[in-house]
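# Descriptive structure summary
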Amino acid sequence: MIDQGAPPQERGRTVARTPGLGARLMRRKPVEVLVAEGGQGEGGTLRRSLGLWQLTMISIGATLGTGIFVVLGEAVPKAGPAVTLSFVIAGLTALFSALSYAELAGTIPVAGSSYSYAYATMGELIAWVCGWCLVLEYGVSVAAVAVGWGEYLNELLDGTIGVTLPDALSAPPGDGGVFNLPALIVVLLAMAFLLGGARESARANTVMVAVKIAALVLFCAIGVQGLRSGNYEHFMPLGMSGVSAAGATLFFSYIGFDAASTAGEEAKDAQRDLPRAIMLSLVIVTALYVLVAAVAVGAKPWRQFNDSEAALAQIMRDVTGQGFWATLLAACAVIAIASVVLTVLYGQTRILFAMSRDGLVPKVFSRVHPKTGAPRANTVIVSLFCGVLAAAVPLGQLADATSIGTLFAFALVNVAVVVLRRTRPQMNRTFRVPLSPLLPALGFAFCVWMMGSLSTVTWVVFGVWMAVGLVVYFLYGHRRSRLAPPAPSEK
């Protein structure tokens, strides 16, 4: 605009108005810019080395094992034998969101996952909130899974050399321990793999995924011998409220299916392979979860699960009367859970990489090592944070906190796919959600319903987490965003 009240010598100049606060909070990053920046970091670029097989294994690696090997012992006391139904409900919730993820991953194949999708559709503030939820989802779930890893490590040590780590060093404070050393160790081992680069990490993960699938098939083959029809009586002893409460906890075990979307900038053909990897991994994981849960509650009365993180190994011992099979399963579980830590930690570092590139978090998180093509500083910082968290916080609190962060992020993805359909209907989409906007609306509703099933304490923790996130955004990210207008001295 021309300022008519300005001195004569300044008339005719265009005076740029600073956007209002509302406009700055709603600023969006164009899809074309997001895609064009793919792989670019500070001092280097990420390497495109992952195909459909590796992407699918990343999703399965991040998902399969968490709910079965670790959280099953906590979920069964809430739902009884109907825990199988809880897995189905959690799987349906994940399915609706997976459809939306598949469409957006094929349309916007970048590392930021739902954070980037929200940035392109709903604006910077919502994107930040989504990214902050993903930090909770990925970072805290790494810690939660690492806690359960220590339980199976003790089972393995007991079955092989007859020695277990003392509670003071194998359980976090609040669970009878002082410092959970195994949890810290497994996170540091995952960090070592990730520092070698995405391709090397994917190879290691593929081997570990094969081991975990073999372990679960072995459990079913042996556990079915101990099935008792009486264990299925009173199928839903705590009613539908118990089923939904267990489902909300078990949703924690589905968070990994979106891990492939965080590899969008390291995939060879992201638009084609990401949607396929997401859907394929979810189908495989859900089938195995339901099958193993059905065998577990049929082989052991549901009242005897009593929150054990090593429930499957105990069932193997009870069914066979021998320690060998339980020890073998524990060995497989040690490897399986390590793969979850590896792939989820990978996803966390790539989300922070995308947020850093946008200026919302410090540049150190988008610094790429020229030799390995991996964000080394990012990996070390995130690993140390997650390792210390795993060593100091009990599993149950971590799992529920992760679930609510995941559900919130998934709800936003379901909204994002509808918004992008309306604002950019002509964009090339390699996968389209059927019956849109009905299925995205169902996905959103399921997420909200399951969030409502979580405890008041979990909501309080989530509220505090979000409040801290908003403070960080307004003090740092809002001002340093690459979409922020330049300061007067920079114009």
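Throughout what follows, the structure given in this document is the object of discussion. (Residues numbered from 1 in each chain as written. Predicted model: local features only at pLDDT ≥ 70, side-chain atom pairs only at ≥ 80, totals over all residues. Heavy atoms only, no water.)

### Concerning a nonpolar patch on the surface
Keep this limit in mind: Patch members must show over 30% relative accessible area and no salt bridge, and they are joined within 9 Å when carrying like charges or within 5 Å when they are nonpolar side chains of Val, Leu, Ile, Met, Phe, Trp or Tyr. All accessible areas in this document rest on Shrake-Rupley with a 1.4 Å probe, and a residue is counted as covered only by the protein chains that are shown. Definition used for salt bridges: Asp or Glu carboxyl oxygen within 4 Å of a side-chain nitrogen of Lys or Arg. The numbering of helices and of strands both runs from the N terminus, where a helix is a DSSP run of H or I of at least 4 residues and a strand a run of E of at least 2.
Nonpolar side chains collect at one region of the surface, where L169, V178, F179, L181, I185 and L189 lie side by side and expose about 490 Å² of accessible area between them. Ranked by the residues each element gives to the nonpolar patch, the list is headed by helix α9 (residues 181–195), at 3 residues. Residue placement: L169 occurs in helix α8 (residues 167–170).

### Considering unusual backbone geometry
Backbone torsion omega between S436 and P437 reads 10 degrees, so that peptide bond is classified as cis. Phi angles above zero are rare outside glycine, and H234 is one such case at about 55 degrees. Residue placement: H234 occurs in the loop between α10 (198–223) and α11 (239–250).

### Things to note about α9
Worth spelling out the cut-off: In this analysis, the expected span of each helix is defined as 1.5 Å times one less than the number of residues it contains. When accessible area is computed with a 1.4 Å probe and restricted to protein chains, residues below 20% of their type maximum are described as buried, those above 50% as exposed, and intermediate ones as partly exposed. Throughout, a contact is declared for two residues whenever any of their heavy atoms are within 4.5 Å. Counting of polar contacts relies on pairs of N or O atoms within 3.5 Å, with two restrictions inside protein: one atom must be capable of donating a hydrogen and the other of accepting it, and residues adjacent in sequence are counted only when both atoms are side-chain atoms.
Taking 1.5 Å of rise per residue, 15 residues should cover 21 Å, and α9 covers 21 Å from first to last C-alpha, within 8% of that figure. Residues of α9 that are buried: P182, A183, L184, V186, V187, A190, M191 and L194. Buried residues belonging to α9 abut α7 (124–160), α8, α10, α14 (323–357) and α15 (376–392). Measuring from the side-chain oxygen of the N-cap residue of α9 to the backbone nitrogen of A183 gives 3.2 Å; that N-cap residue is N180. Looking at the residues trailing α9, positive phi occurs at G197, about 120 degrees.

### Examining α14
If you check α14, its first and last C-alpha atoms are 51 Å apart, about what 35 residues at 1.5 Å a residue would give, namely 51 Å. Within two residues after α14, G359 carries a phi angle of roughly 90 degrees, on the positive side.

### Considering the environment of T249
Relative to the elements of secondary structure, T249 occurs in helix α11. We classify T249 as buried; its relative accessible area is 1%. For the pair T249 and S86, spaced 163 residues apart in the sequence, the C-alpha separation amounts to 9.1 Å.

### A word on the nonpolar core
How we decide: Residue types Ala, Val, Leu, Ile, Met, Phe, Trp, Tyr and Cys, when buried and joined through side-chain atoms within 4.5 Å, form a set referred to as a nonpolar core.
Counting 150 residues, the largest nonpolar core has L72, V83, F87, F219 and L312 as its most contacted members. Looking at this core, the element that brings in the most residues is α7, giving 20 residues.

### Remarks on the environment of L218
When you line up the elements, L218 lands in helix α10. Distance from L218 to W325, taken between C-alpha atoms, is 9.2 Å for residues 107 residues apart in sequence. Residues within four places of L218 in sequence aside, it is in contact with M316, W325 and L328.

### Digging into empty space enclosed by the protein
A water-sized probe rolled over the atoms picks out the places where empty space is left. Here is the rule we go by: Here the term cavity refers to a set of points on a 1 Å grid, laid over the protein atoms alone, in which a 1.4 Å probe fits but cannot get out; the term pocket refers to an open set having protein on both sides within 12 Å along at least five of seven lines, with lining residues being those that place an atom within 4 Å of a point. Grid points are joined across faces, edges and corners, and a volume is the space filled by probe spheres set on the points.
This model, assessed by the stated rule, comprises 1 cavity of 30 Å³ or more. For the largest cavity, the calculated volume is near 60 Å³. Contributing to the lining of the largest cavity are L50, I58, L194, A198, S201, A202, N205, L342, T343 and Y346. Counting only elements with at least two residues in the lining of the largest cavity, the list comes to α10 and α14.

### Some words on a positive patch on the surface
Worth spelling out the cut-off: Neither His nor the chain ends is counted toward charge; the positive residues are Lys and Arg and the negative residues Asp and Glu. Where a charge lies is defined by one atom per residue type: Lys uses NZ, Arg uses CZ, Asp uses CG and Glu uses CD.
Taken together, R47, R199, R203 and K268 make up a surface patch of like positive charges. Within the secondary structure layout, R203 lies in helix α10.

### Some words on the packing of helix α5 (residues 83–107) against helix α12 (residues 270–299)
Selection rule: The angle between two axes is taken between their N-to-C directions and runs from 0 to 180 degrees, where each axis is a line fitted to C-alpha atoms and a helix contributes only its stretch in contact. An angle below 35 degrees is treated as roughly parallel, one above 145 as roughly antiparallel, one from 65 to 115 as roughly perpendicular, and anything else as oblique.
In the contact formed by α5 and α12, the axes pass within 9 Å of each other and the chain directions differ by 175 degrees. As the angle between them shows, α5 and α12 are arranged roughly antiparallel.

### Digging into the side chain of T343
Within the element layout of this structure, T343 appears in helix α14. Not counting residues within four places of it along the chain, the set of residues in contact with T343 comprises I58, G61, A62 and N205.

### So, the environment of L188
Mapped onto the elements, L188 comes out in helix α9. For the pair L188 and V341, spaced 153 residues apart in sequence, the C-alpha to C-alpha distance is 9.8 Å.

### Let's talk about the pattern of salt bridges
Taken as a whole and judged by the stated rule, the model has 12 salt bridges. For E37, the salt bridge goes to K29, with nearest N and O atoms at 2.6 Å. Here E37 and K29 have matching classes, each one buried. Here E37 makes a salt bridge to R482, at a shortest N to O gap of 3.3 Å. Remark: R482 occurs in the segment after α18 (456–480) and E37 occurs in the loop between α2 (31–36) and β1 (40–41); sequence separation between them is 445 residues. The class of R482 is exposed, set by a relative accessible area of 54%. When salt bridges that share partners are traced, they join K29, E37, E265, R357, D358 and R482 into one network.

### As for the packing of aromatic side chains
So the rule is basically this: Between rings of Phe, Tyr and Trp, where Trp is taken as its six-membered ring, a pair exists when centres lie within 6.5 Å; planes separated by under 30 degrees are stacked, by over 60 edge-to-face, and by other angles tilted.
Tallied over the full model, the rule gives 12 aromatic pairs. Geometrically, the ring pair formed by F408 and F462 is tilted, given 5.5 Å between the ring centres and 55 degrees between the ring planes. With F408 in helix α16 (residues 395–423) and F462 in helix α18, this pair connects stretches of sequence that are 54 residues apart. The class of F462 is buried, set by a relative accessible area of 6%. A network of ring pairs unites the aromatic residues W128, W132, W465, Y473 and F474 as a single cluster.

Read these as geometric descriptors, not functional statements.
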